[in-house]
Amino acid sequence: MKIGLVGYKGSGKSTLFEWLTGNKADPALAHLSQSAMAAIPEARLQPLCDLYKPKKVTQAALEIVDTPGLSRDQIGNSSCLGHLREADYLVCVVPVFDGSDVQEEMDAFVEDMILADLEIAANRIEKISEQMKRHLPKDDLDKLTLEFETLQLIQQGLEKGQPVLADEMNDNQYKATRSFRFLTEKNRMILVNTGDDETDHKQYEKYSTAKVPVVAVSVGLEVELAKMEPQERTDFLSEMGIPSTDRDKIMRILMDNSGQMVFLTAGDKEVRTWLMRKNGTALEAAGCIHTDFIKKFIRAEIMRCDDLIRLGSEREVKAAGLNRREHKEYIVQEGDVILFHISQ
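To keep things clear, this report deals only with the structure shown in the data block. Note that the structure is a prediction, hence the values are computed from the model and not measured.

## Concerning the layout of surface pockets
Reported here for the largest pocket is a volume of approximately 850 Å³. Lining the largest pocket are 31 residues, and of these Thr-184, Glu-185, Lys-186, Asn-187 and Arg-188 sit closest to its centre. Of all elements in the fold, only α4 (102–131) and β6 (188–193) reach the threshold of two or more residues within the lining of the largest pocket. With four residues, the single largest contributor to the lining of the largest pocket is α4. Broken down by class, the residue content of the lining of the largest pocket amounts to 16 nonpolar, six polar and nine charged. By volume, the second largest pocket is sized at about 310 Å³.

## Focus on the sheet that holds β6
With mixed pairing, the six strands of this open sheet are ordered in space as β2-β4-β1-β5-β6-β7. One side of each edge strand has no neighbouring strand; the edge strands of this open sheet are β2 (34–39) and β7 (214–217). Taken over all neighbouring pairs, the strand axes of this sheet differ in orientation by 25° on average, direction set aside. One ladder, built from six bridges, connects β2 with strand β4 (residues 61–66); its direction is antiparallel.

## Notes on the pattern of salt bridges
Note on pairing: side chains with opposite charge can pair once their charged atoms come close. Following the criterion strictly, the structure yields 20 salt bridges and no others. Close ionic contact of Lys-13 with Asp-66 constitutes a salt bridge, the shortest N to O distance being 2.8 Å. Here the residue Lys-13 occupies a position in helix α1 (residues 13–21), and Asp-66 occupies one in strand β4, the gap between them amounting to 53 residues. Across the pair, Asp-66 and Lys-13 agree in class, each one buried. Where salt bridges share partners, they join Glu-42, Arg-44, Arg-252 and Glu-334 into one cluster.

Reading guide: rules and limits
Residues numbered from 1 in each chain as written. Predicted model: local features only at pLDDT ≥ 70, side-chain atom pairs only at ≥ 80, totals over all residues. Heavy atoms only, no water. 1 Å grid on protein atoms, 1.4 Å probe; cavity = no way out; pocket = protein on both sides within 12 Å on 5 of 7 lines; lining within 4 Å. Points joined across faces, edges and corners; volume = space filled by probe spheres on them. Helix = DSSP H or I, 4+ residues; strand = E, 2+ residues; numbered from the N terminus. Nonpolar A, V, L, I, M, F, W, Y, C, P; charged D, E, K, R; others polar. Pairing = 2+ DSSP bridges. Axes fitted to C-alpha atoms, helices over the stretch in contact; angles between N-to-C directions. Salt bridge = Lys/Arg side-chain N within 4 Å of Asp/Glu carboxyl O. Buried < 20%, exposed > 50% of the residue type's maximum accessible area, 1.4 Å probe, protein only.

In structure tokens:
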């Protein structure tokens, strides 16, 4: 799962990258995308480790991608935004510490993404038009015609300022155009980057919508706070009378809003969290561990992590009748501890 950070130059986007991943973005690579992994917090991991005493502990992680800063005159922005095509979810960083208007910045992001998508659609339509002039087998012509007609609809919508909406396409239309990874089709959130002395983060909640949540963070301050000892940090915040944002909270928001969740595996060799899509099946979860598990899947043995921690052992969970054997179509629940049975 790739989380793409996007923002205009000076927005604090690369500072956010540092806060989330613990890695500083290299200024020499500012014209390129840079990525690093950010571990997903899981409070139940340590209690499981206390039970199993594993040799290894592994946390699931999101890949955070820092992209080149956008220009406010829009020059070169389509190229910069191209680095986000492979991202699964976008975080648009809006600075208010410099007096920027949140709504104007959000509108500008959308406009830039629409222009970038229009360029992709228009270029492909032009190429298809040339291809369709040739003598082609019927199947090839049918595929190109479907793609051409779908892209024309997309282009018409974008020209009216409408984003690409996958849920308004039928299956064939979506399959014909999904490889373009249109930016306006991606789910996203707005992160308002406030000044260090900002005391009212809730004032920005009015910009949130059901599809695009807004979270306010003093990113520069959080990077400095992360370098302090816990008591020093507490004393500083108390003295200054300013709020702090838990990094783990932001990571959970990113995971939840991007449609992801975690399940767990546990044993004396390793306790581990795994990332998968919400409402995914046991078969999909097995594939997260190893692709061979998909072919060799027999069943999944399920325990709830909270039950395991509360009762203290797998034996006690089974004695209480709280373990289950599930088939490959079972919908995995957040916090499931799963043992996969596979054929040899």
